[in-house]
Amino acid sequence: MPAQDPAGPTQEFVTDVFARGCASRAAFEDVTSKWASLALLALGEGRYRFNALRRRIDGVSERMLSQTLQTLERDGMLTREVLTAIPPRVEYSLTPLGTRVAEQLRGLADLLEASVPEVQTARDSHERDRG
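Here's a quick rundown of the structure. Please read these numbers as outputs of a predicted model, since none were measured by experiment.

1. Comments concerning the pattern of salt bridges
Tallied over the full model, the rule gives 10 salt bridges. The shortest N-O distance in the salt bridge between glutamate 91 and arginine 47 comes to 2.8 Å. Pair noted here: glutamate 91 is in strand E3 (residues 89–94) and arginine 47 is in the loop between helix H2 (34–43) and strand E1 (48–49), with a separation of 44 residues, a long-range link. Given a relative accessible area of 14%, glutamate 91 falls into the buried group.

2. What about the layout of surface pockets?
Of the pockets and cavities examined, the largest pocket occupies roughly 360 Å³. In terms of lining residues, the largest pocket is bounded by 15 residues, among which Leu38, Leu41, Arg106, Ala109 and Glu113 are the most central. Listing elements by their share of the lining of the largest pocket, those giving two or more residues are H2 and helix H5 (96–114). It is H5 that provides the largest number of residues to the lining of the largest pocket, a total of six residues. Each pocket or cavity is described by its volume, and for the second largest pocket that value is around 160 Å³. Residue lining of the second largest pocket: Arg49, Phe50, Asn51, Ala52, Arg55, Pro88, Arg89, Val90 and Tyr92, and that is the complete set. For the lining of the second largest pocket, the elements supplying multiple residues, two or more each, are helix H3 (50–56) and E3. Sorting elements by how many residues they give to the lining of the second largest pocket places H3 first, with four residues.

3. What to know about the nonpolar core
Of all hydrophobic cores here, the largest spans 24 residues; its most connected members are Leu40, Leu43, Leu53, Ile57 and Leu69. Breaking this core down by element, the ones donating at least two residues are H2, H3, helix H4 (62–74), E3 and H5. Here this core gets seven residues from one element, more than from any other, and that element is H2. Beyond its immediate stretch of four places on either side in the chain, leucine 40 contacts Val31, Leu72, Met77, Leu94, Gly98, Val101, Ala102 and Leu105.

Criteria and cut-off values
Residues numbered from 1 in each chain as written. Predicted model: local features only at pLDDT ≥ 70, side-chain atom pairs only at ≥ 80, totals over all residues. Heavy atoms only, no water. Salt bridge = Lys/Arg side-chain N within 4 Å of Asp/Glu carboxyl O. Helix = DSSP H or I, 4+ residues; strand = E, 2+ residues; numbered from the N terminus. Buried < 20%, exposed > 50% of the residue type's maximum accessible area, 1.4 Å probe, protein only. 1 Å grid on protein atoms, 1.4 Å probe; cavity = no way out; pocket = protein on both sides within 12 Å on 5 of 7 lines; lining within 4 Å. Points joined across faces, edges and corners; volume = space filled by probe spheres on them. Core = buried A, V, L, I, M, F, W, Y, C linked by side-chain atoms within 4.5 Å. Contact = heavy atoms within 4.5 Å.

Shown next as C-alpha coordinates:
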(Lines give C-alpha, C1' and ligand atoms only; values in the text may rest on other atoms or scores of the structure.)
Protein backbone atom coordinates (compact mmCIF):
# COMPACT_ATOMS: atom_id res chain seq x y z
CA MET A 1 0.00 0.00 0.00
CA PRO A 2 1.50 3.36 -1.01
CA ALA A 3 2.21 5.89 1.70
CA GLN A 4 -0.12 8.87 1.84
CA ASP A 5 1.23 12.36 1.56
CA PRO A 6 0.82 14.04 4.97
CA ALA A 7 0.24 17.35 3.22
CA GLY A 8 -3.04 16.00 1.77
CA PRO A 9 -4.20 15.25 -1.74
CA THR A 10 -2.42 16.80 -4.68
CA GLN A 11 -4.18 19.65 -6.49
CA GLU A 12 -4.75 17.25 -9.38
CA PHE A 13 -7.30 15.28 -7.32
CA VAL A 14 -9.03 18.16 -5.57
CA THR A 15 -12.50 18.80 -6.94
CA ASP A 16 -13.94 22.11 -5.86
CA VAL A 17 -16.09 24.15 -8.21
CA PHE A 18 -14.91 27.31 -6.46
CA ALA A 19 -11.24 26.58 -7.26
CA ARG A 20 -10.03 28.37 -10.39
CA GLY A 21 -8.17 25.39 -11.87
CA CYS A 22 -10.72 22.67 -11.06
CA ALA A 23 -12.09 20.67 -14.00
CA SER A 24 -15.54 20.73 -12.39
CA ARG A 25 -15.49 24.52 -12.56
CA ALA A 26 -14.64 24.47 -16.26
CA ALA A 27 -17.45 21.97 -16.91
CA PHE A 28 -19.80 24.09 -14.77
CA GLU A 29 -18.98 27.14 -16.90
CA ASP A 30 -19.61 25.15 -20.09
CA VAL A 31 -22.91 23.66 -18.92
CA THR A 32 -24.32 26.90 -17.50
CA SER A 33 -23.86 28.95 -20.64
CA LYS A 34 -27.24 29.92 -22.07
CA TRP A 35 -26.94 27.88 -25.26
CA ALA A 36 -25.43 24.80 -23.61
CA SER A 37 -28.16 24.69 -20.97
CA LEU A 38 -30.84 24.98 -23.63
CA ALA A 39 -29.16 22.32 -25.80
CA LEU A 40 -28.99 19.94 -22.85
CA LEU A 41 -32.64 20.59 -22.01
CA ALA A 42 -33.70 19.96 -25.61
CA LEU A 43 -31.59 16.80 -25.90
CA GLY A 44 -33.19 15.65 -22.65
CA GLU A 45 -36.35 15.30 -24.76
CA GLY A 46 -34.61 12.90 -27.17
CA ARG A 47 -32.24 12.66 -30.11
CA TYR A 48 -32.01 15.61 -32.47
CA ARG A 49 -30.52 16.32 -35.84
CA PHE A 50 -28.60 19.59 -36.01
CA ASN A 51 -31.20 21.69 -37.83
CA ALA A 52 -34.07 20.34 -35.74
CA LEU A 53 -32.12 21.22 -32.60
CA ARG A 54 -31.43 24.69 -33.97
CA ARG A 55 -35.15 25.19 -34.59
CA ARG A 56 -35.93 23.93 -31.08
CA ILE A 57 -33.53 26.46 -29.51
CA ASP A 58 -35.04 29.67 -30.78
CA GLY A 59 -32.46 32.39 -31.44
CA VAL A 60 -29.25 30.34 -31.53
CA SER A 61 -27.05 30.83 -34.59
CA GLU A 62 -25.69 27.89 -36.54
CA ARG A 63 -22.13 28.81 -35.56
CA MET A 64 -22.93 29.16 -31.85
CA LEU A 65 -24.86 25.89 -31.76
CA SER A 66 -22.01 24.09 -33.51
CA GLN A 67 -19.46 25.44 -31.00
CA THR A 68 -21.76 24.60 -28.09
CA LEU A 69 -22.28 21.02 -29.26
CA GLN A 70 -18.52 20.55 -29.74
CA THR A 71 -17.90 21.78 -26.19
CA LEU A 72 -20.57 19.50 -24.72
CA GLU A 73 -19.20 16.55 -26.69
CA ARG A 74 -15.68 17.30 -25.40
CA ASP A 75 -17.01 17.39 -21.83
CA GLY A 76 -18.70 14.00 -22.27
CA MET A 77 -22.26 15.33 -22.14
CA LEU A 78 -23.40 14.26 -25.59
CA THR A 79 -22.54 12.03 -28.49
CA ARG A 80 -22.50 12.89 -32.16
CA GLU A 81 -23.48 10.01 -34.41
CA VAL A 82 -23.01 10.12 -38.18
CA LEU A 83 -25.68 7.97 -39.80
CA THR A 84 -24.93 6.38 -43.14
CA ALA A 85 -27.71 7.65 -45.33
CA ILE A 86 -28.01 9.69 -48.46
CA PRO A 87 -27.41 12.45 -47.67
CA PRO A 88 -25.43 11.62 -44.52
CA ARG A 89 -27.17 12.61 -41.29
CA VAL A 90 -25.78 13.56 -37.92
CA GLU A 91 -27.75 13.04 -34.73
CA TYR A 92 -26.96 14.23 -31.24
CA SER A 93 -27.97 12.51 -28.03
CA LEU A 94 -27.08 12.72 -24.36
CA THR A 95 -24.60 10.45 -22.64
CA PRO A 96 -25.49 9.12 -19.17
CA LEU A 97 -23.61 12.10 -17.68
CA GLY A 98 -25.44 14.51 -19.98
CA THR A 99 -28.75 12.94 -18.97
CA ARG A 100 -28.01 13.49 -15.28
CA VAL A 101 -27.00 17.10 -15.92
CA ALA A 102 -30.09 17.72 -18.09
CA GLU A 103 -32.33 16.35 -15.35
CA GLN A 104 -30.89 18.85 -12.89
CA LEU A 105 -31.29 21.68 -15.40
CA ARG A 106 -34.89 20.57 -16.09
CA GLY A 107 -35.70 21.07 -12.40
CA LEU A 108 -34.25 24.57 -12.53
CA ALA A 109 -36.09 25.38 -15.77
CA ASP A 110 -39.37 24.12 -14.29
CA LEU A 111 -38.85 26.26 -11.19
CA LEU A 112 -38.10 29.35 -13.27
CA GLU A 113 -41.04 28.79 -15.63
CA ALA A 114 -43.39 28.42 -12.65
CA SER A 115 -41.93 31.57 -11.07
CA VAL A 116 -42.41 33.93 -14.02
CA PRO A 117 -45.16 35.96 -12.29
CA GLU A 118 -42.99 36.37 -9.19
CA VAL A 119 -39.95 37.37 -11.27
CA GLN A 120 -42.01 39.86 -13.28
CA THR A 121 -43.41 41.41 -10.10
CA ALA A 122 -39.89 41.79 -8.71
CA ARG A 123 -38.66 43.34 -11.97
CA ASP A 124 -41.55 45.78 -12.08
CA SER A 125 -40.93 46.75 -8.45
CA HIS A 126 -37.23 47.22 -9.10
CA GLU A 127 -37.94 49.50 -12.08
CA ARG A 128 -40.44 51.57 -10.03
CA ASP A 129 -37.91 51.96 -7.21
CA ARG A 130 -35.14 53.03 -9.59
CA GLY A 131 -37.30 55.29 -11.75
